[in-house]
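Now for the letters of each chain:
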Amino acid sequence: MDTTKVKLLNNYQLYQMSKNKSLDDATQQKVYQEFLIRNISTIEQKELERRYQETFAETNKELDAAAWDPFFTAFAWKKHFRHIALLQALTRNKEAKAYQLRFYLGMLVYMLLFILLLVFFRK
């Protein structure tokens, strides 16, 4: 990212980027330097943190809520793909991989059951 583009960000956008762990090292360094240059007061930093937590509180609450088990509800594939995408967007990759594995195993079981039913009723 160009240094001039980092300077165009407002304080909240800069704070969001500083919390983003998926940025490359060069961009992280530019964001950190710009954060130091702006000399943001501790009160404003706390306000930025509060606003940041409020923004993601609803998303985290949705993710932490008891979701459908993908192994038993693989037929609701759209919901599961949205959940996996949301986990990956929030860089919760380990959880996303585990959820994805259970979803695919559930799909495999449902497909096998469907094939068995077809074979059974064919006779």
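The structure presented is a predicted model; accordingly, all values stated were derived computationally and were not measured. (Residues numbered from 1 in each chain as written. Predicted model: local features only at pLDDT ≥ 70, side-chain atom pairs only at ≥ 80, totals over all residues. Heavy atoms only, no water.)

A.B. asks: Got a minute to help me understand the environment of Leu 116 in this structure?
C.D. replies: Here Leu 116 is to be found in helix α6 (residues 93–122). Residues Leu 116 and Ala 85, 31 residues apart in the sequence, show an inter-C-alpha distance of 32 Å. (Helix = DSSP H or I, 4+ residues; strand = E, 2+ residues; numbered from the N terminus.)

A.B. asks: Is there a simple way to explain the packing of aromatic side chains in this structure?
C.D. replies: Applying the stated rule across the entire model yields 5 aromatic pairs. Ring centres of Tyr 15 and Tyr 52 lie 5.7 Å apart, and the angle between their planes is 80°; this geometry places the pair in the edge-to-face category. Residue Tyr 15 is found in helix α2 (residues 11–19), and its partner Tyr 52 is found in helix α4 (residues 42–64); the two are separated by 37 residues along the sequence. For Tyr 15, a relative accessible area of 8% gives the class buried. With centroids separated by 5.3 Å and ring planes inclined at 70°, the aromatic side chains of Phe 120 and Phe 121 adopt a geometry described as edge-to-face. Put simply, the rings of Tyr 15, Phe 35 and Tyr 52 pair up and form one aromatic cluster. If you follow Arg 51 out to its NZ or CZ, it ends over the ring of Tyr 12, 3.8 Å from the centre. (Phe/Tyr/Trp six-rings, centres within 6.5 Å; stacked < 30°, edge-to-face > 60°. Buried < 20%, exposed > 50% of the residue type's maximum accessible area, 1.4 Å probe, protein only. Lys NZ or Arg CZ within 6 Å of the ring centre and 35° of its normal.)

All we've got here are geometric facts, nothing functional implied.
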